[in-house]
Amino acid sequence: MVPSKIRTGPHAAGRAFRARLPPVKVLVIGGGAREHALCRSLSLDPDVTALHCAPGNAGIAEVAELHPVDALDGTAVARLATELAAELVVVGPEAPLVAGVADAVRDAGIPCFGPSREAAELEGSKAFAKDVMAAANVPTARSYVCTTPQQIDDALDAFGPPYVVKDDGLAAGKGVVVTEDRAAAREHALACGRVVVEEFLDGPEVSLFAITDGETVLPLQPAQDFKRALDNDEGPNTGGMGAYSPLPWADPKLVAEVLDTVLQPTVDELRRRGTPFAGLLYAGLAITGRGVRVIEFNARFGDPETQVVLARLKTPLAAVLLGAANGTLADLPPLAWRDDAAVTVVVASHNYPGTPRTGDPVEGLDEIAAQDAPEAYVLHAGTRLDGGRVVSSGGRVLSVTATGQDLKQARERAYTALGRVRLADSQHRTDIARAAAEG
C-alpha cells in the first residue's frame with residue numbers, strides 16, 4: 001500500500017478538478033525519471049489506494065512498492081498485474097510498448113495506459129510515422145527512406161547540409177544525427193541499416209503531449225527540452241539534459257493549432273487504419289518560418305519533459321489515464337493547470353552519453369528534501385540502492401525539478417537544489433531555460 005503521508009499535497013485540494021473515480025490500484029512499468037514523475041503524481045492522487053512500480057529505482061521506492069520484472073516480457077507484466085490485482089497499468093518506456101506489453105495486459109482483462117504494438121510503431125518506425133503523416137496531411141519535413149548506400153548518397157545530395165539522419169527504429173533518443181559533416185552523416189546512416197534522411201527544419205523545437213483514448217484527444221501544456229550534452233547546444237545528442245514549461249515565447253494559439261493540424265488528424269488516421277492509438281501521443285515539433293512541422297512522434301511520455309509538465313498539472317492523474325485506457329476521456333472535465341513555471345535539470349554520470357560510469361554514491365538528496373522541498377525535489381532515473389546507499393546505475397542519474405512563480409524563480413530553485421547533489425565527476429548543463437527566463 002502507498003504510505004498515507006504521500007497522499008497529501010497539492011492534488012489533495014484539487015477535488016474540483018477531479019472526475020469521480022472509485023479507489024484504484026495502479027502498477028507503473030519502468031524505472032526512469034519519467035516513471036518517477038508519474039509515480040509522484042499518482043502518489044499525490046487521493047483516489048490511488050495502492051501504487052506499485054516494476055522495476056522502479058531508488059527514488060520510486062519512496063512512493064511505491066517495487067517489484068522485479070522484465071519490462072519487455074508482456075506475459076510477465078500481465079502476470080504481475082494480475083497478482084497485484086491492479087486496476088490500471090501504466091507503461092512508461094517505449095521499448096515495452098513496441099514489444100506489445102500493453103496488448104498482453106489488456107488481454108488479461110486489465111485496463112492499460114499505452115498504445116498497442118501496432119499503434120506504437122508510430123515511434124518504433126520513422127518510416128511508418130512518415131506514412132501516417134502523409135495520409136493524414138500532417139505537416140512534416142520532406143524525407144527519404146533509405147536501405148542502400150546509393151539511396152543514402154542520393155538523399156544526402158538532395159537535401160544538402162545540415163544533414164538530418166534518423167535510425168528508423170528505436171534508439172533511446174540517440175538515433176538522430178544532425179551535422180554539417182557529410183561523411184559523419186553518411187557513416188551514421190550506413191550503421192543504421194534502414195534509415196530516414198530528411199530536410200533540416202529551422203526554428204525552435206517544442207514538445208507537446210496529448211492523452212488520447214483513440215478518439216478524444218486532450219493536449220497537455222507544451223514544454224521545451226535540451227538534447228545536446230553541453231551548454232549552448234553543443235556536444236553529442238542525448239536522451240535529454242533538461243526541460244522547462246511554459247514557453248513564454250510561443251504563440252498562445254500553438255496548442256489549438258497543433259491539436260487541429262497534427263494530433264487529431266494522426267489519431268483519426270490510425271483509427272481509420274484499424275490500429276487505434278490509446279495512450280500518450282508525443283509530438284516533437286519545429287516552429288519554422290513556414291509554420292509548425294512535426295520532427296517526430298513518440299508513443300509515450302517524454303523524458304525529461306514529463307517532469308515539468310506533470311509538475312504543472314493540477315488535475316489528479318489517475319482518472320485521466322484510466323479514461324484513456326477505458327475510452328471515456330470525453331466524459332472528463334477539462335484539464336486544470338497551475339500558473340507556476342517548472343524547470344528540470346538532469347544530472348548525468350561521467351562520460352554520458354558514451355559508456356557512463358556507474359556505482360558511484362549519490363549524496364545530498366536528504367539536504368534537498370530538508371531545505372528545498374516542496375518547491376524543488378529530485379526525480380531519480382539511473383539509481384539503485386546498494387547497502388542502504390543510493391548509487392548511480394545509468395547515464396542520466398537524477399532530474400532536479402523545481403517550480404516557481406515564473407521561469408526565473410523556478411530555474412534558480414532548481415540550480416540551488418542541484419548544487420547540493422554530490423556525484424563524483426557528474427555533469428549537467430548550466431543553461432537550461434536561461435534564454436526563456438531572461439526573456
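Residues numbered from 1 in each chain as written. Predicted model: local features only at pLDDT ≥ 70, side-chain atom pairs only at ≥ 80, totals over all residues. Heavy atoms only, no water.

The protein chain has the name Phosphoribosylamine--glycine ligase in an unreviewed UniProt entry, where Streptomyces hebeiensis is given as its organism. Reading the Pathway (unreviewed entry) entry of the UniProt record for the protein chain gives the comment "Purine metabolism; IMP biosynthesis via de novo pathway; N(1)-(5-phospho-D-ribosyl)glycinamide from 5-phospho-alpha-D-ribose 1-diphosphate: step 2/2." Taken verbatim from the UniProt record of the protein chain, the Sequence similarities (unreviewed entry) comment is "Belongs to the GARS family." (UniProt positions renumbered as here; feature names shortened; annotations may be inferred.)

A.B. asks: Describe the confidence of the model for the protein chain, and please don't skip the residues or the numbers.
C.D. replies: Note that predicted coordinates carrying low pLDDT should not be read in detail. In the predicted model, the protein chain carries a mean pLDDT of 93, and 94% of its residues have values of at least 70. Below a pLDDT of 50 lies the segment residues 1–16, which in the model reaches 34 contacts outside its immediate sequence neighbourhood of four places, other chains included. (pLDDT = per-residue confidence, 0-100. Contact = heavy atoms within 4.5 Å.)

A.B. asks: Give me the lowdown on the packing of helix H1 (residues 33–43) against helix H11 (residues 317–326), citing residues and values where you can.
C.D. replies: Between H1 and H11, the shortest axis-to-axis distance is 8 Å and the interhelical angle comes to 115 degrees. What the angle tells us is that H1 and H11 run roughly perpendicular. The residues of H11 that touch H1, namely those facing Leu38, Ser41 and Leu42, are Leu317, Ala318 and Leu321. For the contact of H1 with H11, the class distribution of residues is five nonpolar, one polar and no charged. (Axes fitted to C-alpha atoms, helices over the stretch in contact; angles between N-to-C directions. Helix = DSSP H or I, 4+ residues; strand = E, 2+ residues; numbered from the N terminus. Parallel < 35°, antiparallel > 145°, perpendicular 65-115°, else oblique. Nonpolar A, V, L, I, M, F, W, Y, C, P; charged D, E, K, R; others polar.)

A.B. asks: With reference to specific residues and values, describe the sheet that holds strand S12 (residues 224–225).
C.D. replies: Spatial strand order, S12-S15-S18-S22-S19: five strands in an open sheet with antiparallel pairing. Unpaired on one side and paired on the other, S12 and strand S19 (376–380) mark the two borders of the sheet. Pairing analysis gives two bridges linking S12 to strand S15 (residues 242–245), with the strands arranged antiparallel. Bridged to Asp225 within S15 is Ala243. Here helix H13 (residues 407–418) sits on the sheet and contacts S15, strand S18 (341–348), S19 and strand S22 (396–404); the angle it forms with S18, its principal contact strand, is near 30 degrees. (Pairing = 2+ DSSP bridges.)

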